[in-house]
Amino acid sequence: MKAIQTIAVCGAGTMGSGIAQLTAQAGFNTIQFDLSPAALEKSRLGIVAQLNKLVEKAKITAEEKEQILSRIRFSKELADCKADLIIEAIIENKEIKTKLFNDLAVFNDPAVIFATNTSSISIDAIAEGMDHPDKLVGMHFFNPAPVMKLVEVIQGSHTNPLLAEQVYQLAQQLGKVPVICRDAPGFIVNRVARHYYLEAMLMVEKGLITTGQADAAMEAAGFKMGPFKLMDLIGLDINYSVSNIVWEALGCPERLTPSPLQQAKLREGKLGKKTGEGFYTY
Ligand SMILES: NC(=O)c1ccc[n+]([C@@H]2O[C@H](COP(=O)([O-])OP(=O)(O)OC[C@H]3O[C@@H](n4cnc5c(N)ncnc54)[C@H](O)[C@@H]3O)[C@@H](O)[C@H]2O)c1
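Residues numbered from 1 in each chain as written. Predicted model: local features only at pLDDT ≥ 70, side-chain atom pairs only at ≥ 80, totals over all residues. Heavy atoms only, no water.

Of all the residues in helix α10 (residues 227-234), the buried ones are P227, F228, M231 and D232. Each buried residue of α10 lies within a common arc of 135° when the element is viewed along its axis, so the set occupies one face. Those residues of α10 that are buried are in contact with α8 (194-205), α9 (211-220), α11 (236-249) and α12 (260-267). Looking one or two places after α10, you find G235, whose phi comes out positive at around 105°. (Buried < 20%, exposed > 50% of the residue type's maximum accessible area, 1.4 Å probe, protein only. Helix = DSSP H or I, 4+ residues; strand = E, 2+ residues; numbered from the N terminus. Arc of directions from axis to C-beta. Contact = heavy atoms within 4.5 Å.)

Okay, here's the thing in structure tokens:
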């Protein structure tokens, strides 16, 4: 196995930007690639702002901030993505992700590891269109990537187990808590947590509780965030889409039926914090 020294992060949106910050902070040479120069600039400014906050809090020195930034190269050229590990965090579309990996395989070393940050597409489904399906590992970070501890490392049925192990170790090096899982709809968190959202919405729909009561109760019971606050943070559109994907992938069981209450919010354009209103008003 080749040691991982250079990491390319494809996609400079919410997740890609956070992952690039994380890998650079952990000392890896990082290439941040996106087709959109505007996304790259937004990512760069976002990372600078996050690092400035760390300097203000005395978590890093101003000199360390400059060193971290100097380890990240921002590029809109795919050809710059030559690395030991390539983590993709681009648009959630199977064909586009598969094509990206096949294009990258043409000019990368045969030992390259490909990781996908998909939150809902099957790892096997992406791998099946790839020229080297054994090289693909799921590496599912949570938002915000520099902060959230969990990384689900997904070993698909084509994945070389040695590469999954290497990605697991790398996640530890990044200061994360990796958990290996099989390629199943929703992986672990997005599957297990479905009921946290769906049951809460069902109870509100039936008039049994209010959103405020649900959140207050769950938070006092030890959950960091109540289900409605959490959905507003994630974005109701994203949460609804994951519900649909998991529900359909499991053969549409009644217990996981996506919520009509959430659907109604979407129709009204109330997507949560990002639109100023969801279950709460911001
Ligand atoms: N947002 C979350 O909370 C979250 C959490 C875990 C995983 N994910 C997954 O991470 C991935 C990215 O999500 P996001 O929220 O960061 O999306 P985003 O829309 O914020 O960013 C996606 C970026 O990818 C770029 N892009 C699109 N096609 C590209 C291509 N072919 N080559 C290079 N760049 C391309 C876009 O310009 C954009 O900047 C998705 O697969 C998503 O399912 C998201």
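Still more to cover.
What follows concerns the site of the ligand. The ligand sits among 21 residues. The nearest are M15, D34, E92, K97 and S119. I90 is positioned with one of its backbone polar atoms (N or O) 3.4 Å from an oxygen atom of the ligand. Separating an oxygen atom of the ligand from a side-chain N or O atom of K97 is a distance of 2.8 Å. The fraction of the free accessible surface of the ligand (840 Å²) that becomes covered by protein chains is 75%. (Near = heavy atom within 4 Å. Polar contact = N/O pair within 3.5 Å; in protein donor to acceptor, adjacent residues only side chain to side chain. Areas by Shrake-Rupley, 256 points an atom, 1.4 Å probe, with all protein chains shown as cover.)

The next subject is the domain arrangement of the chain. Once the domains are mapped, the chain shows domain 1 (6-182) and domain 2 (193-275). Spacing between the C-alpha centres of domain 1 and domain 2 amounts to 28 Å. (Domains from an automatic or database assignment.)

For the coordinates displayed, the defined rule picks out four aromatic pairs. Aromatic pair F101 and F114: ring centres 5.0 Å apart, planes at 45°, arrangement tilted. Of this pair, F101 sits in helix α4 (residues 94-107) while F114 sits in strand β5 (residues 113-116), and the two are 13 residues apart along the sequence. (Phe/Tyr/Trp six-rings, centres within 6.5 Å; stacked < 30°, edge-to-face > 60°.)

As a further point, take the pairing of strand β6 (residues 136-141). With respect to burial, β6 is a largely interior element, six of its six residues being buried. Judged by which residues are buried, β6 turns out to be covered on both faces: L136, G138 and H140 on one side and V137, M139 and F141 on the other are all buried. In terms of strand pairing, β5 meets β6 through three bridges, oriented parallel. Paired with T116 across the bridge in β6 is G138. Considered for its hand, the β-α-β crossover made up of β5, helix α5 (residues 123-128) and β6 is right-handed. Where β6 meets strand β7 (residues 150-155), four bridges bridge the pair, whose relative direction is antiparallel. Considered in β7, the bridge of G138 is made with I154. (Pairing = 2+ DSSP bridges. Right-handed = clockwise from strand over helix to strand, strands pointing away.)

Before going further, it helps to examine the pattern of salt bridges. A full pass over the atoms with the stated rule returns 13 salt bridges. D103 serves as the salt-bridge partner of K99, at 2.7 Å between the closest nitrogen and oxygen. Taken together, the positions of K99 and D103, both in helix α4 and four residues apart, correspond to about one turn of that helix. Note that K229 and E219 form a salt bridge whose closest N and O atoms lie 3.1 Å from each other. Here the residue K229 occupies a position in helix α10, and E219 occupies one in helix α9, the gap between them amounting to ten residues. Taking the relative accessible area as the measure of exposure, E219 reaches 26% and is therefore partly exposed. Connected through salt bridges with shared partners, the residues E88, E92 and K97 form a single ionic network. (Salt bridge = Lys/Arg side-chain N within 4 Å of Asp/Glu carboxyl O.)

A separate point is the packing of α10 against α11. Two elements in contact, α10 and α11, have axes whose closest approach is 6 Å; the angle formed by their N-to-C orientations is 100°. By the angle between their directions, the pair α10 and α11 is classed as roughly perpendicular. On α11, the residues touching M231, D232 and I234 of α10 are L236, I238 and N239. When grouped by side-chain class, the residues that make up the contact of α10 with α11 number four nonpolar, one polar and one charged. (Axes fitted to C-alpha atoms, helices over the stretch in contact; angles between N-to-C directions. Parallel < 35°, antiparallel > 145°, perpendicular 65-115°, else oblique. Nonpolar A, V, L, I, M, F, W, Y, C, P; charged D, E, K, R; others polar.)

Before going further, it helps to examine the side chain of E152. Structurally, E152 can be placed in strand β7. Looking at E152, its side chain comes within polar contact range of the main-chain nitrogen of I188, at 3.2 Å. What E152 contacts, discounting residues up to four positions off in sequence, is G138, M139, H140, F142, V179, C181, F187, I188 and V189.

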